[in-house]
Amino acid sequence: MSDTPGDGKLELKQASKEVKESENVAEKYSAMTVSKNSEITMGELSVSSAAFSAVPIHKPVKKQIQFVEDKQEFSRFPTKTGRRSLSRSISQSSTDSYGSAASYTDSSDDETSPRDKTQLNSKGTSDFCVKNIKQAEFGRREIEIAEQDMSALISLRKRAQGEKPLAGAKIVGCTHITAQTAVLIETLVALGAQCRWTACNIYSTQNEVAAALSEIGVAVFAWKGESEDDFWWCIDKCVNMEGWQPNMILDDGGDLTHWVYKKYPNVFKKIRGIVEESVTGVHRLYQLSKAGKLCVPAMNVNDSVTKQKFDNLYCCRESILDGLKRTTDVMFGGKQVVVCGYGEVGKGCTAALKAMGSIVYVTEIDPICALQACMDGFRVVKLNEVIRQVDVIITCTGNKNVVTRDQLDRMKNGSIVCNMGHSNTEIDVASLRTPELTWERVRSQVDHVIWPDGKRVILLAEGRLLNLSCSTVPTFVLSITATTQALALIELYNAPEGRYKQDVYLLPKKMDEYVASLHLPTFDAHLTELSDEQAKYLGLNKNGPFKPNYYRY
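Owing to the predicted nature of the structure, the values given are computational and were not obtained by experimental measurement.

J.: So what about the overall build of the chain? Which residues, and what values?
T.: Along the backbone of the chain there are 20 helices and 17 strands. Split into buried and exposed, the 553 residues of the chain put 59% on the buried side. Taking the contacts inside the chain whose residues are at least 6 apart along the sequence as the reference set, 76% of them involve residues at least 24 apart. Split by element, the accessible area of the chain, about 22900 Å² in all, is 50% carbon and sulfur.

J.: How would you sum up helix H9 (residues 255-263)? Please name residues and give values.
T.: Among the 9 residues of H9, 7 are classified as buried, and the element is accordingly described as predominantly covered. The complete set of buried residues in H9 reads Asp255, Leu256, Thr257, His258, Trp259, Val260 and Tyr261. Along its buried surface, H9 packs onto strand S3 (170-175), helix H8 (228-239), strand S6 (248-251), helix H10 (265-269), strand S7 (273-276) and helix H11 (279-290).

J.: Summarise the packing of helix H6 (residues 179-190) against helix H18 (residues 475-494); cite the residues concerned and give the values.
T.: Two elements in contact, H6 and H18, have axes separated by 9 Å at closest approach and are oriented at 30°. Of the possible angle classes, the one that applies to H6 and H18 is roughly parallel. Crossing of H6 over H18 shows right-handed handedness. On H18, the residues touching Gln180, Leu184 and Leu188 of H6 are Thr475, Leu478, Ala482, Gln485, Ala486 and Leu489. Taken together, the residues of the contact of H6 with H18 sort by class into 6 nonpolar, 3 polar and no charged.

J.: Quick rundown of the environment of Val275? Include the residues and the values.
T.: Here Val275 is to be found in strand S7. Along the primary structure Val275 and Ala486 are separated by 211 residues, whereas in three dimensions their C-alpha atoms are 9.3 Å apart.

J.: Requested: an account of the state of the cysteines, with residues and values cited.
T.: Scanning all chains against the criterion turns up 0 disulfides. Its sulfur unpaired, Cys200 is 5.4 Å from the next cysteine sulfur, which belongs to Cys174. Between Cys316, a free cysteine, and Cys315, which holds the nearest cysteine sulfur, the sulfur-to-sulfur gap is 5.1 Å. The class of Cys316 is buried, set by a relative accessible area of 4%.

J.: With reference to specific residues and values, describe the sheet that holds strand S13 (residues 415-419).
T.: With mixed pairing, the 8 strands of this open sheet are ordered in space as S11-S10-S9-S12-S13-S16-S15-S14. Edge positions in the sheet fall to strand S11 (379-380) and strand S14 (438-443), since each of these pairs with one other strand and no more. As judged from the 5 bridges shared by strand S15 (residues 446-450) and strand S16 (residues 456-460), these two strands associate in the antiparallel manner. Bridge pairing in S16 places Val449 opposite Val457. This element, helix H12 (residues 305-328), spans strand S12 (392-395), S13, S14, S15 and S16 of the sheet and lies at about 130° to S16.

J.: Any chance you could break down the environment of Asp376 for me, citing the residues and the numbers?
T.: Counting through the fold element by element, Asp376 comes out in the loop between helix H14 (367-375) and S11. When its relative accessible area of 37% is taken as the criterion, Asp376 is described as partly exposed. Residues Asp376 and Thr350, 26 residues apart in the sequence, show an inter-C-alpha distance of 9.6 Å. Filtering out sequence-adjacent residues up to four positions away, Asp376 remains in contact with Tyr342 and Lys354.

J.: If you had to explain the pairing of S12 to someone new, which residues and values would you point to?
T.: In the case of a regular strand, side chains alternate between the two sheet surfaces. With burial as the criterion, each face of S12 is covered, one bearing Val392 and Ile394 and the other bearing Ile393 and Thr395. As judged from the 4 bridges shared by strand S9 (residues 336-340) and S12, these two strands associate in the parallel manner. The residue bridging Val339 from the neighbouring strand is Ile394, located in S12. Two elements, S12 and S13, share 4 bridges in a ladder whose sense is parallel. Paired with Ile393 across the bridge in S13 is Val417. The parallel pair S12 and S13, bridged by helix H16 (residues 405-410), forms a crossover whose chirality is right-handed.

J.: So what's going on with the nonpolar core? Residues and values would help.
T.: In terms of nonpolar packing, the biggest core is built from 58 residues, with Leu166, Ile171, Leu188, Trp197, Val220 and Met299 touching the most fellow members. Of all elements in the fold, only helix H4 (136-148), helix H5 (151-160), H6, strand S4 (194-199), helix H7 (207-215), S6, H18 and helix H19 (509-519) reach the threshold of two or more residues within this core. Considering every element that reaches this core, the biggest residue donor is H18, with 10 residues. Excluding residues that lie within four positions of it along the chain, Leu188 makes contacts with Leu166, Ile171, Ala193, Cys195, Trp197, Ala486 and Leu489. Ranked by size, the runner-up nonpolar core spans 36 residues in total, among them Cys315, Val330, Val392 and Met420.

J.: Which residues make up the packing of aromatic side chains, and what values go with them?
T.: For the structure shown, the criterion picks out 9 aromatic pairs. Consider the rings of Phe221 and Trp233, whose centres lie 6.3 Å apart with planes at 75°: the pair is edge-to-face. Within this pair, whereas Phe221 is found in strand S5 (residues 219-221), its partner Trp233 is found in helix H8, the two being separated by 12 residues in sequence. Pair check on accessibility: Phe221 and Trp233 agree, each one buried.

J.: So what's going on with the pairing of S16? Residues and values would help.
T.: Counting buried positions along S16 yields 4 of 5 residues, so the element is predominantly enclosed. Here 3 bridges tie S13 to S16, and the two strands are oriented parallel to one another. Along S16, the bridge assignment pairs Val417 with Leu459. Count of turn residues in the S15/S16 antiparallel hairpin: 5 residues, of which Gly454 carries a positive phi of about 95°.

J.: For the pattern of salt bridges, give the residues involved together with the corresponding values.
T.: A side chain of one charge can pair with a side chain of the opposite charge if their charged atoms are brought near each other. Tallied over the entire structure, the rule returns 19 salt bridges. Note that Asp391 and Lys412 form a salt bridge whose closest N and O atoms lie 2.8 Å from each other. A residue pair is termed long-range when its members are at least 10 positions apart, and Asp391 in the loop between helix H15 (383-386) and S12 and Lys412 in the loop between H16 and S13 qualify at 21 residues. In this structure Lys412 comes out as partly exposed when scored by relative accessible area, which is 32%.

J.: So what's going on with the packing of H18 against H19? Which residues, and what values?
T.: Running from N to C, H18 and H19 cross one another at 140°; their axes reach a closest spacing of 10 Å. Taken as axis vectors, H18 and H19 run oblique relative to one another. Crossing of H18 over H19 shows right-handed handedness. On H19, the residues that touch Phe476, Ser479, Ile480, Thr483, Thr484, Leu487 and Glu491 of H18 are Met511, Tyr514, Val515, Leu518 and His519. Taken together, the residues of the contact of H18 with H19 break down into 7 nonpolar, 4 polar and 1 charged.

J.: I'd like a description of the environment of Asp255, backed by residues and values.
T.: Inspection of the secondary structure puts Asp255 in helix H9. Here the alpha-carbon distance between Asp255 and Trp232, two residues 23 residues apart in the chain, equals 8.9 Å.

What counts as what
Residues numbered from 1 in each chain as written. Predicted model: local features only at pLDDT ≥ 70, side-chain atom pairs only at ≥ 80, totals over all residues. Heavy atoms only, no water. Helix = DSSP H or I, 4+ residues; strand = E, 2+ residues; numbered from the N terminus. Buried < 20%, exposed > 50% of the residue type's maximum accessible area, 1.4 Å probe, protein only. Contact = heavy atoms within 4.5 Å. Areas by Shrake-Rupley, 256 points an atom, 1.4 Å probe, with all protein chains shown as cover. Axes fitted to C-alpha atoms, helices over the stretch in contact; angles between N-to-C directions. Parallel < 35°, antiparallel > 145°, perpendicular 65-115°, else oblique. Left-handed = near helix turned anticlockwise from the far one by under 90°. Nonpolar A, V, L, I, M, F, W, Y, C, P; charged D, E, K, R; others polar. Disulfide = S-S within 2.5 Å. Pairing = 2+ DSSP bridges. Right-handed = clockwise from strand over helix to strand, strands pointing away. Core = buried A, V, L, I, M, F, W, Y, C linked by side-chain atoms within 4.5 Å. Phe/Tyr/Trp six-rings, centres within 6.5 Å; stacked < 30°, edge-to-face > 60°. Salt bridge = Lys/Arg side-chain N within 4 Å of Asp/Glu carboxyl O.

Next up, the structure:
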């Protein structure tokens, strides 16, 4: 299966109007990518010309993602207490591709819920809810380490903070709260924004980082090991603040957007823009757009080249091994592994496992992705054909019930099951919560599910995203995604009225290239420049964009 489900074709729309000044603006814009001493302003970057407007991409989805009925989930406010839920009943989303799960303290260190504590930061304010505000100093050290490998985002911060392109922006965010996202949040604050933040995953929050952000005045409501009620309570606390109303949304998974849309429709109508970075969240936005219910412009960051190639492919190529090693200490040489889905995430996972000497199988629904897997040297199979012999199953499809209870019953003793997709729906974990099966917690995020005959299957992170729940993600890759998100927020917030309609847009190609160029100095890379004759021959502007919107990298 592919990690970007849907059978419809991408319909690429060109910007409706080309303005004469676009070439001049392109030269100014590109100057920022090739000159370290550029003085181009963020105003020129984000709002100078409609030529850089994002292109609306309509993705018809054959099988729609249904929202849960209001009466089931939104007719009541989340209760303060409640047993930890083993699945997310509203959207079933958990994580995508952002952050690090490493933390000095496990959520079990203190059983008292942060909601039952009264905490103050050094400024005497209490507009936050984290595990322990006293961990702020440790969190600050984590953030400083992350900054060292996020030089491009720091560069963007330094260039733009004088102009404050986000002055007046009130951003409510729902992402993984890690040292890397903290660098993004502090960048947004430096650019003039007010921020309130919560976590998109109940396991990926770094408690000390949440404390560090709260210490400097960012209203953070998140801690590692939240219950389901805690999760929705935290989202609501970010949105429902007396005297403060958000006008921008930065989301990962669509839970925050969905909550505001369902619970606070008047607030939703006044949002100036939404930036979404996950497969699941983007599809939910297209659902709203198709139904005519999306009343604000939204930016699809997930399908930007810098997100797809670097966050999804290269990031997962490294983090899949890290997550499996930390949780199971498994040796990969000779192991039989099946990877469900050969999209960008699947490609990264299979490449890493193959390099370690594993025998890798692939399952797919898309014949193009299946053919790619064959050409890359992998055998494409149906899961039932190899279910009794494989040692590890990794899902990365974005779908539901990819691994069913019947298949789990047929797996051999000691098999490992984990998920690298966004949602915790890919493995049918709920079916394992039955009286005849015994759950045994081995270590943090590692459970043995024991069958009556003594067979054990090792389930990681209760079916949620492995790398963010159990290990770390390369900071450099997250710098690319965070820079993309920051530019998307700046573009939407500063865009003149009429540039963006009530639709879902793809990040402008020029911005994708700009994000990439900011990260090249790390490798001491030097771009070749087109001559005037070459540019004329190719029909390109010397400063880009260098590829059409339909180009597949």
